[in-house]
Amino acid sequence: MTSPETTGTGPPEGAWQRISPLAVVFFMLRGLRALGSQFVYLIPPLFVARNQIGERLGAFLWLVALLPVLGTFWCGLVWLRYRYRVGPDRIEIRSGVLFRKQTHVPFDRIQNIHIEQPLYFRLFGYCSLRLDTAGSSQGEAHLVAIRLDRARELRTNLLATKKPIRAPEEDLDEEREVVLNRRSLGDLTVHGLTNNRIWLFVGVLVPFLQRIGDAIPSYLKESGVDFQLPTSAMDQSRVALALTAVGFAVLVISGLLLFSIMGSILTYYGYTLSRAGGRYSCRAGLLTKKEFGMPTRRLQSIHYRQSWLDLVLGRVNLLLKQNSSGLPEPPGVEKSDQLLVPSVTPDEAWDLIADAMPDSAMRNIDFHAPSKRLINRYSLWAIWPALACVASVVIALPLVVSLGCLALAILVVVVSWLRWRRWGYAFDDEFIYIRRGLIGVEYLCFERYKLQQIGYASSPFLRRHRSLNLQFVLASESIYLPYVDRSTIAPLVDRSLYQVESSGRSWM
């Protein structure tokens with residue numbers, strides 16, 4: 001059997017195909033990532049056995065040197081046993097060495113088609129193709145180390161098989177693809193500054209915090225800051241300590257920001273969002289280039305997000321959510337069923353919203369605030385610092401303790417008021433709009449006919465004041481709305497359920 005990966009010709013329909021030997025590299029790196037994620041659990045037994053390892057250091061080093069050889073041999077076996085074939089209505093994959101596995105993915109169950117090109121694939125014109133199926137974390141197909149032109153051909157053919165259930169205006173036409181947005185290096189730098197990728201770096205440092213804490217006093221002492229100086233020399237020591245602390249803080253913050261910016265550039269370099277007929281396409285990545293597509297009919301909700309720093313810099317993160325595939329994602333990584341447009345200007349964001357949901361009035365609609373009694377619920381947390389303040393006065397604790405507890409109680413009340421101030425809701429004949437946030441703000445909207453469930457919860461306190469907590473369930477997420485007046489809920493729920501029942505419009 002001749003492989004199309006080497007001849008460049010199309011494969012015979014229904015024939016089993018072998019992937020490129022480059023897949024061995026992919027399997028090795030995937031294994032290293034899995035091992036790295038579990039390495040923290042290996043630290044305690046290695047620490048306990050450090051004396052035994054020291055006594056048998058030669059054997060231990062031989063074992064460490066042998067592991068890459070065994071890993072390469074195993075990955076070679078995985079590649080030899082990996083086959084796939086494309087049938088008239090499904091893709092089948094055979095894999096596994098000790099335990100054989102065969103995966104069948106019907107074309108009509110495929111929701112998302114992802115093309116990824118790590119650097120070692122891009123050098124040779126290969127890629128990996130991932131097909132996400134509806135609502136399952138176990139039924140996806142992953143074709144690795146196939147030719148890029150072959151992957152794009154498969155993607156085109158898979159989309160073509162869905163044409164009978166597609167609206168006529170959603171016909172895929174690559175020649176009519178229109179670029180909607182691009183992100184420059186300056187935009188990605190701003191995105192790195194305004195997003196929390198620095199916490200990934202902080203998470204990496206957590207196991208080493210104790211060692212860092214032990215090293216700081218030694219470093220300060222070597223720098224001339226001596227905590228054992230007599231009182232007459234402490235003033236100079238305190239000044240040096242303060243200057244050193246400020247310098248160290250600036251150094252750490254600068255390093256974290258640089259890490260965040262680098263992560264943003266690596267992830268979104270060359271970001272291009274385009275539209276062809278009824279389908280969005282997103283391409284981005286520096287080392288690993290990714291192509292992600294989303295049919296417009298499957299768009300569930302749009303989120304217009306601004307953190308406090310985004311408000312200062314005048315930027316918006318626009319998130320387009322589609323039907324959730326049920327696939328787990330690593331922490332800190334955007335989910336594969338979400339399309340993020342990073343750090344656009346407000347005008348660019350509103351233009352993209354108008355393209356995705358032309359009838360949405362989110363930009364100009366007036367929001368209704370929930371009941372002010374919501375402030376009381378949030379402010380209940382202020383009781384504990386207030387009681388601590390009273391207790392500190394009764395038992396004659398230092399004044400600073402009482403003032404600190406009082407300040408904390410006041411802060412909780414202020415945050416409660418800000419939180420209530422951000423909440424808002426509105427609706428028209430087609431859409432429901434929600435506003436939420438604290439210092440930053442998020443606007444979101446969705447079409448009523450795409451609702452899966454509407455739930456509400458009550459309590460004696462809420463019933464007394466004729467209020468309810470609402471929950472809207474979409475195929476992509478669950479949206480919570482607290483303390484809504486009961487007289488507003490009835491027409492909202494009735495009209496929404498009527499549209500779900502009567503519209504007959506498909507969004508799958």
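## Things to note about the overall build of the protein
And then number 1: The helix and strand inventory of the protein stands at 17 helices and 20 strands.
And then number 2: Per-residue burial for the protein yields a buried fraction of 40% across its 508 residues.
And then number 3: Of the contacts made within the protein by residues no fewer than 6 positions apart, 58% connect residues no fewer than 24 positions apart.
And then number 4: A total of about 28400 Å² of accessible surface is found on the protein, and carbon and sulfur atoms cover 63% of it.

## Looking at the pattern of salt bridges
And then number 1: Applying the stated criterion to the full structure yields 15 salt bridges.
And then number 2: Its salt-bridge partner being D187, residue R315 comes within 2.9 Å of it at the nearest N-O pair. In this pair, R315 sits in the loop between α11 (308–313) and β13 (316–322) while D187 sits in helix α7 (residues 185–194), placing the two residues 128 residues apart along the sequence.
And then number 3: Accessibility expressed as a relative area gives 12% for D187, which makes it buried.
And then number 4: Between R363 and D347 there is a salt bridge whose closest N-O contact spans 3.4 Å. A residue pair is termed long-range when its members are at least 10 positions apart, and R363 in the loop between α12 (346–356) and α13 (373–379) and D347 in helix α12 qualify at 16 residues.
And then number 5: Connected through salt bridges with shared partners, the residues R183, D187, R315 and E348 form a single ionic network.

## Here's the deal with a nonpolar patch on the surface
And then number 1: A surface patch of nonpolar side chains, about 760 Å² in accessible area, is lined by L119, L123, F124, L185, L266, Y269, L286 and L287.
And then number 2: Looking at the element boundaries, L123 is found in the loop between α5 (119–122) and β6 (126–133).

## Focus: the packing of helix α14 (residues 383–394) against helix α15 (residues 399–422)
Packed helix pairs are characterised by how far apart their axes lie and by the angle those axes make with each other.
And then number 1: Taken N-terminus to C-terminus, the directions of α14 and α15 make an angle of 160 degrees; their axes are 8 Å apart at the nearest point. Comparing their axes, α15 and α14 come out roughly antiparallel. As α14 packs across α15, the resulting crossing turns out to be left-handed. Contacts from P385, A386, A388, C389, S392 and V393 of α14 reach α15 at V401, S402, C405, L406, L408 and A409.
And then number 2: Residues that form the contact of α14 with α15 fall into these classes: 10 nonpolar, 2 polar and no charged.

Thresholds applied
Per chain, residues are indexed from 1 in the order of the written sequence. Whole-chain, interface and lining totals are the exception, using all residues; otherwise, since this is a predicted model, local features are given only for residues with pLDDT of at least 70 and side-chain atom pairs are given and counted only at 80 or more. Based on all heavy atoms of the structure, the side-chain values leave hydrogens and waters out of the count. For the purposes of this entry, the term helix denotes a DSSP run of H or I that reaches at least four residues, the term strand denotes a run of E that reaches at least two, and both are numbered from the N terminus. Accessible area is worked out with a 1.4 Å probe on protein chains only. A residue is then buried under 20% of its type maximum, exposed over 50%, and partly exposed in between. Contacts were defined at the residue level, with two residues in contact if any of their heavy atoms lie within 4.5 Å. Only the protein chains shown count as cover for residues, and the accessible areas themselves come from Shrake-Rupley with a 1.4 Å probe. We define a salt bridge as a contact between a side-chain nitrogen of Lys or Arg and a carboxyl oxygen of Asp or Glu at a distance within 4 Å. In this analysis, a patch consists of residues with relative accessible area above 30% that form no salt bridge, clustered at 9 Å for like charges and at 5 Å for the nonpolar side chains Val, Leu, Ile, Met, Phe, Trp and Tyr. Geometry is summarised by axes, namely lines fitted to C-alpha atoms with helices restricted to the contacting stretch, and by angles between N-to-C directions that run from 0 to 180 degrees. Working definition: roughly parallel below 35 degrees, roughly antiparallel above 145 degrees, roughly perpendicular at 65 to 115 degrees, and oblique for all remaining angles. By convention the crossing between two helices is left-handed if the near helix lies anticlockwise of the far one by an angle smaller than a right angle, and right-handed if it lies clockwise. Note on residue classes: Ala, Val, Leu, Ile, Met, Phe, Trp, Tyr, Cys and Pro are nonpolar, Asp, Glu, Lys and Arg are charged, and everything else, Gly too, is polar.

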